[in-house]
Amino acid sequence: MEVPLYQGFVLAVTIVREAVDEFRRFQRDKEVNSQLYSKLTVRGKVQVKSSDIQVGDLIIVEKNQRIPSDMVFLRTSEKAGSCFIRTDQLDGETDWKLKVAVSCTQRLPALGEDSDPPVHESLSIENTLWASTIVASGTVIGVVIYTGKETRSVMNTSNPKNKVGLLDLELNQLTKALFLALVALSLVMVTLQGFVGPWYRNLFRFLLLFSYIIPISLRVNLDMGKAAYGWMIMRDENIPGTVVRTSTIPEELGRLVYLLTDKTGTLTQNEMIFKRLHLGTVSYGTDTMDEIQSHVMNSYSQMYSQASGNNASSTPPRKAQSSAPKVRKSVSSRVHEAVKAIALCHNVTPVYEARAGVTGETEYAEVDQDFSDENRTYQASSPDEVALVQWTESVGLTLVNRDLTSMQLRTPGGQILTYCVLQMFPFTSESKRMGVIVRDESTAEITFYMKGADVAMSTIVQYNDWLEEECGNMAREGLRTLVVAKRALTEEQYQDFESRYSQAKLSVHDRTLKVAAVVESLEREMELLCLTGVEDQLQADVRPTLEMLRNAGIKIWMLTGDKLETATCIAKSSHLVSRTQDIHTFRPVTSRGEAHLELNAFRRKHDCALVISGDSLEVCLRYYEHELAELACQCPAVVCCRCSPTQKARIVKLLQQRTGKRTCAIGDGGNDVSMIQAADCGIGIEGKEGKQASLAADFSITQFKHIGRLLMVHGRSSYKRSAALGQFVMHRGLIISTMQAVFSSVFYFASVPLYQGFLMVGYATIYTMFPVFSLVLDQDVKPEMAMLYPELYKDLTKGRSLSFKTFLVWVLISIYQGGILMYGALLLFESEFVHVVAISFTALILTELLMVALTVRTWHWLMVVAEFLSLGCYIASLAFLNEYFDVAFITTVTFLWKVSAITVVSCLPLYVLKYLKRKLSPPSYSKLTS
């Protein structure tokens, strides 16, 4: 009756562990769903739970509250009629996004008054607020348009699957093989009996007798092993802050072949630093920024000395020479123009934090013009822009205030210049550029400024001979480049443009095309001002870590939402692509024919990294999935840029299906969640971009460099230990079943159990459990060695620690040992049958303990304790087992020598074989330790 009890215990352990994980998830969900929001109704404000919000509700969201569903933004408490939202949970960007309220509802005097005749207003993406983002300024009112599964953020995530490790699957295969062996053995026994009497009853008796072949305790041992590995990972001082969230798959970390990583925030810190300004004839680097500063100061001091009164609003001071023919501008004025353009052409807003003692919103800032530097922070939709504006501040031109219609700059002399913003053309991934039309309040001049990627801008600016070359130079240094240009407009030109622009914006069909066409009419023959270079700093130790992973035979793919140029320069600077390798950039393809040609062009290249954009990838996957996967898998490194979150997950699934190898995804933002959940092993980094990725992941780490130790040391040892543990538990069951088979066949195939009741339970638990489980502490090389020689990791991916070959070796060992133990005991027993049991059981326990000692590669003090503890337990329990053993006989010398003789015969040959194997074909790790 021991077996069912034991099985019940095994299942209970597993169920309880899964239930605890599940309950924690349930609590986290409940917390999010029961947040309260104010809803506007005819009767005034009502509190509703976020799970009860419906489409069409008017919801009020306070500052720092999460937006519960996708809404259209109707009204805000901010004077400017716009607000900021934080989207770190949606796309992994830490910066704030500016959203604009629908102007007709923002203008309504107060709630509840009837409005005037119907208003026609075009809504665009900037009038929407998305679920899972957080309001960063003011209080907003919105009307709900999508909830629950239809929100943008949920549509972009995929359902998580239950992850099962490869090791568990392999052990399941072996267990199936053992089950077949059990049935076969029982049938053989019954056949040898000659099908006498009720043979099928005998068949079942044999099935029960030999049921120890099936390793029931394997699950418990492995589960406890996994818990131990998790504990070791979390206790490791070299990787502080690491959390194991899925305790079922630590061994997966030792089998990875593909590592898919995000770029922003994972490989890079997402902190931009301004590095280079190039004006065509002269280039400024970090060490020559003070020259720029002096140029800026000179030009402004000249301007103000020209002005009659030292007042910015008196007679227009500038452009005294505009009537004269255009002379080649001096360097000083060119620098000034460039800095001014960078300070005006952007989407950045300065935000003033209220100091202690000042309550209320930030509105006091407008009252007393408190533009002091220490409490100003800049917010923008991309860190590049913030870096540019911070740089202009450092050279003396400071952005101090900004709303939807105006911008104010402070000069080095402390004057405030006001510019009226007439039009904004935001950055889109299609246009790759952004523009702004401003009017200088003091001179009434209208200027159109523009900045963008070199690809987009090279055709717009006037002919020059340096732009392309310098862009290439900066990109090779790993800088992100932006080209800045301007064009002066007359009042008539602007009025003409504005009427065409507003007409295009109201058209219902092809609105985007028409608007783009009108804007393009301005983008002609612009004056090229400068080229800027900004550096995105890499995370600590990214280069050595990637180097280590590459040496360990792991192929690294970088999946990023960034531009192709940026992705390529980060791939080079992080040494994802080594210096000597070529990079093949996959040209944008839209049709089947183009994809076919491009793939053929790529096939001709050898050993080069592939860079491909999300759109081209989509086309190739549609028509040539098999060919693309085959070619890409041979590449040493692959970079996919402009990837959507769902595309990242698709690439992971493609690798799993095509190669059958284990994949690992690592990321840090909400946009990496679906990739992390799709991979066999997901790692999240707790970073600036919030915690969403690290909560959804199986393992969460604090820095990218920790992944090296996590895989090389913990992953490797977890896999090797579990493989040894699994096979040992199987061996433990096989040995006793072999003894039972020998015993039955000697006694005319009687279906009589060899060991009764407690002996069997004791054997599987108290006598052998501790030593066998202590294999969890085994290590073949020191952690430092494993880190120094990542090549050791490469061996594991072939899965040689646990295969049918190693399994058969263990089966043969078990049969040999079981046979020796049983025959030895039968040969040596005297008159009484009781002695067979005593001798063979004692020898069996000793053999198991010696086998553990044989398997261990590095001794740990706990292992020694476990060995002696088990031996002590057995000797102590002999006193109580008098119903099985003859105590008088056990204490004699004969008993001792017989047991010793049998144990030596069963174990010595294995020790000799192991010694010879170490001498003749040593494993790779032993070469390092010797």
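Please read these numbers as outputs of a predicted model, since none were measured by experiment.

J.: Looking at this structure, I do not really get the sheet that holds strand 6 (residues 96-100). What am I missing?
T.: Paired through their backbone hydrogen bonds, the strands of a sheet run either parallel or antiparallel. Reading across from one edge, 6-5-8 is the order of the three strands in this open sheet, with antiparallel pairing throughout. Every interior strand has two partners, whereas the edge strands, strand 6 and strand 8 (134-135), have only one. As paired elements, strand 5 (residues 82-86) and strand 8 share two bridges and run antiparallel to each other. Residue R86 lies in a different strand from strand 8, and its bridge partner there is I134.

J.: Help me understand the pairing of strand 24 (residues 582-585) in this model?
T.: Within a regular strand, side chains alternate between the sheet's two faces. Alignment of strand 24 against strand 25 (residues 608-613), held across four bridges, turns out to be parallel. Residue H584 lies in a different strand from strand 25, and its bridge partner there is L610.

J.: Explain helix 19 (residues 614-634) to me, please; I cannot follow it from the model alone.
T.: Here helix 19 contains 21 residues, and its C-alpha end-to-end distance of 19 Å is more than 12% below the 30 Å for a straight helix at 1.5 Å per residue. Those residues of helix 19 that are buried lie in contact with strand 11 (256-261), strand 23 (555-559), helix 18 (592-603), strand 25, strand 26 (637-641) and helix 20 (645-659).

J.: Any chance you could explain the packing of aromatic side chains here in plain terms?
T.: Two descriptors summarise a pair of aromatic rings, namely the distance from one centre to the other and the angle between the planes of the rings. Under the definition given, this model contains 18 aromatic pairs. Residues F425 and F448 carry aromatic rings whose centres are separated by 5.8 Å and whose planes lie at 90° to one another, so their mutual orientation is edge-to-face. Here F425 is found in strand 18 (residues 416-425), whereas its partner F448 is found in strand 20 (residues 446-452), with 23 residues between them in sequence. When sorted by exposure, F425 lands in the same class as F448, which is buried.

J.: What's the story with the state of the cysteines in this structure? I'm lost.
T.: Working definition: the covalent bond between the sulfur atoms of two cysteines is a disulfide. Applying the stated rule across the entire model yields zero disulfides. Cysteine C83 shares no disulfide, and the gap to the nearest cysteine sulfur, in C104, comes to 17 Å. The thiol of C641 is unpaired, and the distance to the nearest cysteine sulfur, on C643, comes to 7.2 Å. According to the relative accessible area criterion, C641 is buried, its value standing at 0%.

J.: Help me understand a nonpolar patch on the surface in this model?
T.: Taken together, F758, V761, I766, F770, W861, L862, V865 and L869 make up a surface patch of nonpolar side chains, about 710 Å² in accessible area. Mapped by element, the contributors of at least two residues to the nonpolar patch are helix 24 (757-767) and helix 30 (861-878). For the nonpolar patch, the element with the most residues is helix 30, which contributes four residues. Among the secondary structure elements, L862 is positioned in helix 30.

J.: Where do I start with the sheet that holds strand 10 (residues 243-244) in this structure?
T.: What the nine strands build is an open sheet, ordered 10-29-28-27-11-23-26-25-24; its pairing is mixed. In this open sheet, the two strands that pair with only one neighbour each are strand 10 and strand 24. Packing against the sheet, helix 19 makes contact with strand 11, strand 23, strand 25 and strand 26, and its axis sits at approximately 155° to strand 25.

J.: Please explain the environment of R487 as it appears in this structure.
T.: Summarising the element assignment, R487 is placed in strand 21 (residues 479-489). R487 gets classed as partly exposed once you look at its relative accessible area, which sits at 21%. As a C-alpha pair, R487 and I437 span 50 residues in sequence and 9.4 Å in three-dimensional space. With residues near it in sequence (within four places) discarded, R487 still touches I446, T447, F448, Q493, S521, L522, E523, R524 and M526.

J.: What is the right way to read the nonpolar core from this model?
T.: Nonpolar side chains tend toward joint burial in soluble globular proteins. Ranked by internal contacts, the top residues of the largest apolar core, which has 78 residues, are I683, F699, I707 and L711. Top contributing element to this core by residue count: helix 23 (residues 706-746), with twelve residues. Setting aside residues up to four positions removed in sequence, F699 forms contacts with I233, V243, V244, T246, I249, P250, L253, C681, G682, I683, G684 and L710. If you look at the next biggest cluster of nonpolar residues, it comprises 44 residues, including I292, L388, V436 and L529.

J.: It is not clear to me how the pattern of salt bridges should be interpreted in this structure. Could you clarify?
T.: Two side chains carrying opposite charge are able to pair once their charged atoms lie near each other. A full pass over the atoms with the stated rule returns 30 salt bridges. A salt bridge links R709 to D236; the shortest N-O distance between them is 2.6 Å. Here R709 is found in helix 23, whereas its partner D236 is found in the loop between helix 7 (217-235) and strand 10, with 473 residues between them in sequence. We note that R709, like D236, is buried. For R650, the salt bridge goes to E618, with nearest N and O atoms at 3.0 Å. Placement of R650 in helix 20 and of E618 in helix 19 is noted, with a sequence separation of 32 residues between them. Given a relative accessible area of 26%, E618 falls into the partly exposed group. In this structure, a network of salt bridges that share partners links the residues D168, R219, K226 and E251.

J.: So what exactly am I meant to see when it comes to unusual backbone geometry here?
T.: Note: most peptide bonds trans; most residues except glycine with negative phi. Phi at D510 takes a positive value of approximately 50°, unusual for a residue other than glycine. On the secondary structure map, D510 appears in the loop between helix 14 (491-506) and helix 15 (511-522). With phi around 50°, E525 is a residue other than glycine that occupies positive phi space. Within the fold, E525 resides in the loop between helix 15 and strand 22 (527-538).

Basis of the calculations
- Residues numbered from 1 in each chain as written.
- Predicted model: local features only at pLDDT ≥ 70, side-chain atom pairs only at ≥ 80, totals over all residues.
- Heavy atoms only, no water.
- Pairing = 2+ DSSP bridges.
- Helix = DSSP H or I, 4+ residues; strand = E, 2+ residues; numbered from the N terminus.
- Expected span 1.5 Å × (residues − 1).
- Contact = heavy atoms within 4.5 Å.
- Phe/Tyr/Trp six-rings, centres within 6.5 Å; stacked < 30°, edge-to-face > 60°.
- Buried < 20%, exposed > 50% of the residue type's maximum accessible area, 1.4 Å probe, protein only.
- Disulfide = S-S within 2.5 Å.
- Patch = residues over 30% accessible without salt bridge, like charges linked within 9 Å, V, L, I, M, F, W, Y side chains within 5 Å.
- Areas by Shrake-Rupley, 256 points an atom, 1.4 Å probe, with all protein chains shown as cover.
- Salt bridge = Lys/Arg side-chain N within 4 Å of Asp/Glu carboxyl O.
- Axes fitted to C-alpha atoms, helices over the stretch in contact; angles between N-to-C directions.
- Core = buried A, V, L, I, M, F, W, Y, C linked by side-chain atoms within 4.5 Å.

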